[in-house]
Every structure is written in structure tokens, then in C-alpha cells.
Amino acid sequence: MSAEFPVVVYGASGYTGRLVMEHLRDLDVPFVAAGRNREKIEAACRIVPGIENARYEICEVENTVEALTRLFAGRKVVCNTVGPFMRFGPPVVEAALQAGIHYVDTTGEQHWMIWLRDHYGRAFAKAGLALIPSTACMYGVSEIGARYCLETPGVDSLDMTEVAQAVPTVASAQTILDAVRYSAYYLQDNELVRYPGIDTCDIVTPSNRVLKASNWGGTSNPIWFARDGRVRNCKMSVAMWNQQLYKKELELERAYKVSLQWIPDDHLYPLLDSMAVAITPDTPPRERRQVHRAYDTCLGTGNNVIVKTTMVSTGGYFTTGLLQAYAARRLSVETPALTGFRSPSEVFGHRDLMGMLQSYGYAGIKVERLV
Ligand SMILES: NC(=O)c1ccc[n+]([C@@H]2O[C@H](COP(=O)([O-])OP(=O)(O)OC[C@H]3O[C@@H](n4cnc5c(N)ncnc54)[C@H](OP(=O)(O)O)[C@@H]3O)[C@@H](O)[C@H]2O)c1
């Protein structure tokens, strides 16, 4: 029975879970729509475009290791979309390991990636399983651009920027605020260095507008490239077209340092969630590809080379849905060559991922050899 539905979409009632299911249906992959509330999952499934001929079943499951392990047994891969991941992720990854299935998630939380690497990287490698966080728009797309730069021998430093236009979902807003609790890192001279706090800078968009950017929790890329012997430096800055957001980040950081840091978790989370509601009170409408676009650039430099990649992508949540579904499709039929804690591009290949995004009209890339 489990083998008939090899992919579990955990968080199927959510905005991102729905888009993962939409793309799984399109790739003809059977799946289990799982989450904590059957009625909400049923309601979400009803509005997935094309659901009429999707092969799926629904499963209500508690967010505990025992219940999730039972659900995962005999399957191939879980697509975990239940965030903030540092809050809700630990039972899911433990259950994936116990059931012997691959794990992918949609995190953009650097602190969660570090935690996964340190607590589960070895165990997944030993079990022959892939552990692939951040298989999502942020930062799966920018990683592709960086890997195109690294095709040029001699590139050892990656200076990355992103400009995004997104309406954060409920859990995304919570996730952005949760990040205030954790340190963020960038890669400098082969060492992961901690930012002293939120780091802001000016970045220039492809249309030469100057925007204020921040380190936005550090991003996934320094963590991936700290494990790549070719790369000495990697830093990424993110700007939102909504320039109020970085100001909110700075205000929250101040509030955290002054008072919030002493509040215990069971009081702090409700407080942070009430602030998140002020950003996103309810599930936003479906993205519009004419509006919700992002630009990613990567300048790859070395002693005698400079390469630049410029990417445009549309619909960050659509893109995330496709990346998850594509990863699930590959992991449900292939034995991955690489196991343990790995990036999406390492396991699936940056050119394959780019080709998939291009085939859906979700992203374009230009690679320029400047020197
Ligand atoms: N890196 C990226 O580019 C990227 C892109 C997309 C999403 N994300 C991340 O993915 C996560 C989900 O985003 P979303 O857009 O799907 O948010 P969402 O629409 O708010 O959905 C959240 C999902 O998590 C479930 N959930 C919440 N608390 C839970 C708990 N205690 N136990 C079990 N399930 C729980 C919800 O279930 P109910 O419906 O029952 O409440 C819902 O299915 C966020 O952390 C977001 O930042 C990242």
C-alpha cells in the first residue's frame, strides 16, 4: 500500500504544500497529502488545479516521531513544508531516518540547516539516505547561479545578491521573525564567520536602482559552499522591493536584544506569532507571475577570472512547488549518487534543475565571463 504512494507531502494544507501537490500531479507522481488536520487537507486538495486525475491519498497525522515513522514506513521520500522548521522539523527528520526514507524541505532558515548538518548529516549518509534542506526558491535558485560561476576554474569567491517581491504566507512571516533568535554566518577565508547582528548594505538591481539589503538570516549558500574545497568566500545579501521589511527586521532585532531574549519559548512564540500576523494575517491569494518576480546575481571571482550570473525567476512559491516535486520524483525512482547532508544542486545537478525551471517558464539565466 505505502509503495503505491512513495512521496509524502507533509504540510499539505499549507500554501506551499498545495503547490508541491500541483507539481507532483503534473509530473505524474503519486503522493500522500499529510498534515495535522484532515478537513483542512481535504479543503486544500479540492483547490489544487488538476487534482481530478492526481493519484493521492489523505492522511491526518500528529507531529510526533512515532506517528510520522508509521506514516513514512515503506515510502521513499518526505517533502516537509511545515515551518518554522526549527520549531516543527525535529520529529519529521527523525521519523524519516527511522523509516529509512529521503528527506527534503523548503527551509530558508540557515540555523535549521546547521542543526540538520550537525545532528543528522552523518546518520543519513550512513543509512544511504539524502538529507536535502532548502529545496526551495530561497535558496535553491541562487545556488544554481553560483554553481554556473564555479564551472570556470579558478573561481574561489561568490558574492551573491537577491531582490525579491513576495507576499509572505503565514508560516513564512513566522519564519522570518523566528530568525531573530539565531546567529547567522557567512564564509570568509574558509571559515564560517558569525555576523555581529543584522548586516545591511546597498545593492544595485539589474535596472540600476539602489536598494537596501540585509543578510536575511545568512541564507543557505555559505553553508553549502563551506563544504566545497574550491570556495574560500561566500556571502549573500537580500533586498525586498518592499523596503519597509528590512526596517522591521532591525526593529525586531533591537526589541529582541532589549527584552524578548529573556522570555521563555512558550511565551515568546505566541508573541512573535502575533507580530507575524501583523505582516500576514491570513493565507494570501495565489501568486501572480507578472508581479512576484526575483532577481539573483552571483559574481564569481578568482585571481584571474570574473564570471557573473544574472537570474530572473517568477513566483517563488510556484518555483518551490516545482523544485520539491522534481526532487521527489527523482528520489522516488533513483538511488542518489550522493547521500547525507547535501544541497539540491549537488544531488540533482544545477544544469538539470535549471533546465526544469526553464521548461516551466519559471526562471532564466545569463552567464557572462567578464575576465
Ligand atoms: N525558502 C523558500 O523559498 C520557501 C518557499 C516556500 C515556503 N517556505 C517555508 O515553508 C514553510 C511553510 O510555508 P507555507 O507557505 O506552506 O505556510 P502556510 O501556508 O502557513 O502553511 C503552514 C503548514 O504547516 C502546518 N503546521 C503549522 N503548525 C504545525 C504544527 N504544529 N504541526 C503540524 N503542522 C503544522 C500547517 O497546518 P494547518 O493548516 O493544519 O495549520 C500548514 O500545513 C515556512 O517555513 C516557509 O518559510 C520557504
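Just so it is clear, the model here is predicted, and its values are computed rather than measured.

> What is the right way to read the site of the ligand from this model?
The environment of the ligand is formed by 30 residues, the closest being Gly14, Gly83, Gly108, Thr169 and Ala171. If you list the elements that add at least two residues to the shell around the ligand, you get helix H1 (15-26), helix H7 (137-149), helix H8 (170-178) and helix H12 (316-333). Top element by residues in the shell around the ligand is H8. It accounts for four residues. For the shell around the ligand, the residue count by class is 10 nonpolar, 18 polar and two charged. Composition of the shell around the ligand by domain shows at least three residues from each of domain 1 (2-136 + 317-355) and domain 2 (139-315 + 362-369).

> What should I look at first to understand the environment of Val231 in this one?
The topology assignment puts Val231 in the loop between helix H9 (221-225) and strand S12 (233-240). Using a count of 22 C-beta atoms within 10 Å as the deciding quantity, one classes Val231 as buried. Taking the C-alpha atoms as reference points, Val231 and Asp189, 42 residues apart in sequence, are found 8.7 Å from one another. Ignoring anything within four residues of it in the chain, the contact list for Val231 reads Asp156, Leu158, Leu187 and Phe225.

> For this particular structure, what's the right way to read the nonpolar core?
Side chains that are nonpolar tend, in soluble globular proteins, to be buried together. In this structure, Val7, Val8, Val9, Phe31, Val78, Cys79 and Ala328 are the most contacted members of the largest nonpolar core, which totals 100 residues. Of the residues forming this core, the biggest block, nine residues, is contributed by H12. Looking at which domains feed residues into this core, each of domain 1 (2-136 + 317-355) and domain 2 (139-315 + 362-369) gives three or more. In this structure, Phe31 is in contact with Phe5, Val7, Val8, Val9, Met21, Leu24 and Tyr56, ignoring residues within four places of it in sequence. If you look at the next biggest cluster of nonpolar residues, it comprises seven residues, including Ala173, Leu177, Val180 and Ala276.

Rules behind the numbers
Residues numbered from 1 in each chain as written. Predicted model: local features only at pLDDT ≥ 70, side-chain atom pairs only at ≥ 80, totals over all residues. Near = placed C-beta within 6 Å. Helix = DSSP H or I, 4+ residues; strand = E, 2+ residues; numbered from the N terminus. Nonpolar A, V, L, I, M, F, W, Y, C, P; charged D, E, K, R; others polar. Domains from an automatic or database assignment. Buried ≥ 20, exposed ≤ 12 C-beta atoms within 10 Å, placed from the backbone. Contact = placed C-beta atoms within 7 Å. Core = buried A, V, L, I, M, F, W, Y, C linked by C-beta atoms within 7 Å.

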